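Remarks on the overall topology
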Amino acid sequence: LLRSCPDVSKIFIMMRSKKNKSASTRLDEIFKSPLFSRVKKEMPNFREKIVPVVGELYEADLGFTKGDTDLLTHEISIIFHLGASIRFNNDIKSATTLNVVATRAMLNLAKRMPNLKSFIYVSTAYANCQVKHVEERVYKYLINPEELITLVQTSSENMINETLSGIISQWPNSYTFTKAMAEMVVKVNGERLPIGIFRPSIVTNVAHEPLVGWGDNYYTMMGFIAPISKGLLRFVMCNSDCNASVVPVDITINALIASAWDVFNQPQRRGDKMLIYNNVSTNDAPLTYGDFFFYSQISCQKYPIKSCYWMPTLTTIRNKVIFAICIWFGHLLPALIIDTFGRCIGIRQRMWKSYKQIHDFCKAVEYFTVREWTFTDNNIHAIWQSMSESDQLLFNFNMKGFNWPQYWDNTVKGVHHYLLKEDLSTLEASRIKSKRLYWIHYATKFAFILIVVVFTCNLLANIFL
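The structure displayed is predicted, hence computed values, not measured ones.

1. Here we look at the packing of aromatic side chains
Taken as a whole and judged by the stated rule, the model has 26 aromatic pairs. Relative to phenylalanine 368, the ring of tyrosine 367 lies with its centre 5.3 Å away and its plane at 80°, an arrangement referred to as edge-to-face. Residue classification places phenylalanine 368 among the buried residues on the basis of a relative accessible area of 9%. Grouped by ring-pair contacts, the aromatic residues Phe224, Phe292, Phe293, Phe361, Phe402, Trp404, Tyr407 and Trp408 constitute a single cluster. Looking at lysine 117, its charged tip hangs above the ring of phenylalanine 264, at a distance of 6.0 Å from the centre.

2. Comments concerning the domain arrangement of the chain
According to the domain assignment, the chain consists of domain 1 (11-215 + 244-286 + 373-402) and domain 2 (290-369 + 418-464). The interface is formed by 14 residues belonging to domain 1 together with 6 residues belonging to domain 2. Both faces considered, domain 1 and domain 2 share a buried interface measuring about 740 Å² in area, 75% of it formed by carbon and sulfur atoms. If you sort the residues of domain 1 by the area they bury against domain 2, Phe88, Pro172 and Trp373 come out on top, with a joint share of 46%. In this assembly, domain 1 and domain 2 are joined by 0 salt bridges. The tally of links between domain 1 and domain 2 comes to 0 residue pairs in polar contact (both at pLDDT 80 or more). Its residues placed into classes, the side of domain 1 that touches domain 2 shows 9 nonpolar, 5 polar and no charged.

3. Notes on the packing of helix H8 (residues 222-229) against helix H15 (residues 404-419)
Helix packing for two helices is described by the angle between their axes and how far apart those axes are. Viewed as axis vectors pointing N to C, H8 and H15 meet at an angle of 75°, and their least axial separation amounts to 10 Å. The orientation of H8 relative to H15 falls into the category roughly perpendicular. Residues Met222, Ile225, Ala226 and Ser229 of H8 form the contact with H15, whose own contacting residues are Trp408, Thr411, Val412, Val415, His416 and Leu419. Taken together, the residues that form the contact of H8 with H15 break down as 7 nonpolar, 3 polar and no charged.

4. Observations regarding the pairing of strand S6 (residues 195-200)
Here S6 lies mainly inside the structure; 6 of its 6 residues are buried. Burial of the side chains of S6 extends over both faces: Ile195, Ile197 and Arg199 are buried on one face and Gly196, Phe198 and Pro200 on the other. As judged from the 4 bridges shared by strand S4 (residues 118-122) and S6, these two strands associate in the parallel manner. Within the sheet, the bridge partner assigned to tyrosine 121 lies in S6 and is isoleucine 197. Direction of pairing for S6 relative to strand S10 (residues 275-279): parallel, over a ladder of 5 bridges.

5. Section: the side chain of threonine 252
As for its placement among the helices and strands, threonine 252 is situated in helix H9 (residues 249-265). If sequence neighbours within four positions are ignored, threonine 252 has contacts with Phe198, Pro200, Val203, Val247 and Asn279.

6. Quick notes on unusual backbone geometry
Here the bond from glutamate 209 into proline 210 is cis, since omega is 10°, no more than 30 degrees from zero. In this structure, proline 210 sits in the loop between strand S7 (202-204) and H8. For leucine 62, which is not glycine, the phi dihedral falls at a positive 65°. At threonine 220, a residue that is not glycine, the phi angle is positive and equals roughly 50°. Inspection of the secondary structure puts threonine 220 in the loop between S7 and H8. Classification of threonine 220 as partly exposed rests on a relative accessible area of 29%.

How each quantity is defined
Residues numbered from 1 in each chain as written. Predicted model: local features only at pLDDT ≥ 70, side-chain atom pairs only at ≥ 80, totals over all residues. Heavy atoms only, no water. Phe/Tyr/Trp six-rings, centres within 6.5 Å; stacked < 30°, edge-to-face > 60°. Buried < 20%, exposed > 50% of the residue type's maximum accessible area, 1.4 Å probe, protein only. Lys NZ or Arg CZ within 6 Å of the ring centre and 35° of its normal. Domains from an automatic or database assignment. Contact = heavy atoms within 4.5 Å. Buried area = accessible area lost by both parts, 1.4 Å probe. Salt bridge = Lys/Arg side-chain N within 4 Å of Asp/Glu carboxyl O. Polar contact = N/O pair within 3.5 Å; in protein donor to acceptor, adjacent residues only side chain to side chain. Nonpolar A, V, L, I, M, F, W, Y, C, P; charged D, E, K, R; others polar. Axes fitted to C-alpha atoms, helices over the stretch in contact; angles between N-to-C directions. Helix = DSSP H or I, 4+ residues; strand = E, 2+ residues; numbered from the N terminus. Parallel < 35°, antiparallel > 145°, perpendicular 65-115°, else oblique. Pairing = 2+ DSSP bridges.

Here you go:
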């Protein structure tokens, strides 16, 4: 927005104070990221346009002061509502408060804005994962949002769980369930507003700009790539034939900005005709989980890191029994041996703890790695067709012909540099270490196969001879 829309006068960002740091201080620290190097060169005074507004999703009226509420009411013309809890394991009460009640509060605030031109609620492509083909519409559910809100605000935790057990079982976690409920809130409470719902799929590191490969968290696919790079993650429960709907963050943001423009340009699309955008890659640039893990493994081997424990290699498994055996012998047993040996020689090891974190992440996303969904994305394509050539260059979100192998090369390098803090100048030294790990890996593999063959031969000899 700052680089592409110079006429934007102010951007208000809802933030909260955290760890004894004010919202303004936190924002200044965020802008120290290399991600903002380009905008600092092109717009040296960009910080003057950014206004942090202190707020809390779980508080009434979003925790805004009267002064801030009045300011926002008169100044805002476009809203992007991305605030949410993205934790899969949140209890229903917390998830509902943060994802559903807060969305209703934001809609109530939007109704007071005389200059509002567009309101985009950011949901997720998997909010309706209870169906196999997700259309660009709001679905009906066995409970409406107001009933849910009343339930969580007036009932005990046991009563909430007992009442919702049969309903929420259609969703894999509280995040997707409450996102679905929030979509219904948007439909019911935003009937007269210029509003649309934007559903991003799996959002990953930057593909093109402003900083190729950039990413700063372990969410989505980075939760796999980081431990693969270190040689820790060797087995994943996954259907390698299923499509993984992955969209880089810069492409996602371009589509998000364009959707706000599209909502403004289509005033006839209100209420039941509300515009909904499934921002997915499965139709224009399909990528299977098998492809993802293959490309990631190759890239991790091509660009090894110094802190690697083992040669990066990964096997996808569909059978739960086989997977459990592989996890025990390939992950947990080596971790136990290394940690025990470390204690004996006075070196503290945390391999078991690391594997617990890795397995918790894999378990949380397993529901999605063993299933496949198809999506209608006509509205996204319609935006693209209605844009001028100059706007298409400026806000490019067309994924046709996307180069996945090159993208995962850049993403792996980005994970190593920005997330794992690896110095790219040590790449040659890392490659020397990688060659040693390569021979150790295959020597260990050969020795294991040899032991199994000898054991089997002796067992058969004892039985038949």
